Amino acid sequence: MAQKRFGVSLDEEVLKSLDQMVIRQKLRNRSQAIRYLVENRNVENGWQSNDMVSGAIVLLYDHHKGNISEKMADIQHFFYQEILATQHFHLDHDNCLEIVAVKGKAGRLLDMANQMISLKGIVHGKIVTSKII
Ligand code: NI
């Protein structure tokens, strides 16, 4: 495939984290790092909303904030047909790690993940899925 060059302007901090990624992922250079990021993004977002996918929603949250435990339970009961299992770890006095294994239509899983990730008290949340062929 023909390759094209283009100029990229990045803040120093962003460039620094790109260079760290090159080292961490053992990539050849910045170009390969950008390709890696774009390809990953496409994998995560390339599904049609009716495609069957499976994966996990990983959440880190402070269970003292905004009634989050109750709201998290409400969401999980609403999506009970898509949830295979939930694992909850009490990391310390405040923080919880929750891993929700999911299977279902991509659109519904994304909807579930977004509802969870937008709750007050979430420190970090991410959904990772693969298409079931
Ligand atoms: Ni906990």
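The preceding data block contains the structure.
Read on for a plain summary of the structure. Fair warning: this is a prediction, and the values are worked out from it, not measured in the lab.

**A word on the environment of W47**
With respect to the helices, strands and loops of the structure, W47 is situated in the loop between α2 (30-45) and β1 (52-62). Using a relative accessible area of 25% as the deciding quantity, one classes W47 as partly exposed. Each C-alpha atom of the pair W47 and S31 lies 25 Å from the other, and the pair is 16 residues apart in sequence. When near neighbours in sequence (up to four residues on either side) are disregarded, W47 contacts V53, A106, T129, S130 and K131.

**So, the packing of aromatic side chains**
Across all of its chains, the model carries 1 aromatic pair by this definition. Measuring from centroid to centroid gives 5.0 Å for F78 and F79, while their planes differ by 80°, and the two rings are edge-to-face. On the accessibility criterion, F78 (54% relative accessible area) is exposed.

**Points about a nonpolar patch on the surface**
A surface patch of nonpolar side chains, amounting to about 380 Å² of accessible area, comprises F6, V8, L10 and V14. Within the element layout of this structure, F6 appears in the segment before α1 (12-24). Judged by relative accessible area, F6 falls into the exposed class, the value being 63%.

**Side note on the packing of helix α3 (residues 68-78) against helix α4 (residues 106-117)**
Running from N to C, α3 and α4 cross one another at 170°; their axes reach a closest spacing of 10 Å. In this view, α3 runs roughly antiparallel relative to α4, as classed from their interaxial angle. Every residue of α4 that contacts α3 at M72, I75, Q76 and F78 is listed here: R108, M112, Q115 and M116. When the residues that make up the contact of α3 with α4 are grouped by side-chain class, the tally is 5 nonpolar, 2 polar and 1 charged.

**Digging into the pattern of salt bridges**
Two side chains with opposite charge may pair up if their charged atoms get near one another. Throughout the structure, instances matching the rule amount to 5 salt bridges. Between R30 and D19 there is a salt bridge, and its shortest N-O distance comes to 2.8 Å. One end of the pair, R30, is in helix α2; the other, D19, is in helix α1, with 11 residues separating them in the sequence. We classify D19 as partly exposed; its relative accessible area is 27%. The salt bridge involving K65 is made with D62; its shortest N-O contact spans 3.9 Å. Here K65 falls in the partly exposed class, since its relative accessible area comes to 41%.

**Topic: the coordination of the nickel ion**
Taken together, the protein ligands of the nickel ion are H88 (NE2), H90 (ND1) and C96 (SG), with distances of 2.0 to 2.4 Å. All donors to the nickel ion come from one chain, and their sequence spacing reads H-x1-H-x5-C. Since its relative accessible area comes to 2%, C96 is described here as buried.

Criteria and thresholds
Residues numbered from 1 in each chain as written. Predicted model: local features only at pLDDT ≥ 70, side-chain atom pairs only at ≥ 80, totals over all residues. Heavy atoms only, no water. Helix = DSSP H or I, 4+ residues; strand = E, 2+ residues; numbered from the N terminus. Buried < 20%, exposed > 50% of the residue type's maximum accessible area, 1.4 Å probe, protein only. Contact = heavy atoms within 4.5 Å. Phe/Tyr/Trp six-rings, centres within 6.5 Å; stacked < 30°, edge-to-face > 60°. Patch = residues over 30% accessible without salt bridge, like charges linked within 9 Å, V, L, I, M, F, W, Y side chains within 5 Å. Areas by Shrake-Rupley, 256 points an atom, 1.4 Å probe, with all protein chains shown as cover. Salt bridge = Lys/Arg side-chain N within 4 Å of Asp/Glu carboxyl O. Axes fitted to C-alpha atoms, helices over the stretch in contact; angles between N-to-C directions. Parallel < 35°, antiparallel > 145°, perpendicular 65-115°, else oblique. Nonpolar A, V, L, I, M, F, W, Y, C, P; charged D, E, K, R; others polar. Donors = N, O, S within 2.8 Å, 3.2 Å for Na, K, Ca; no water.

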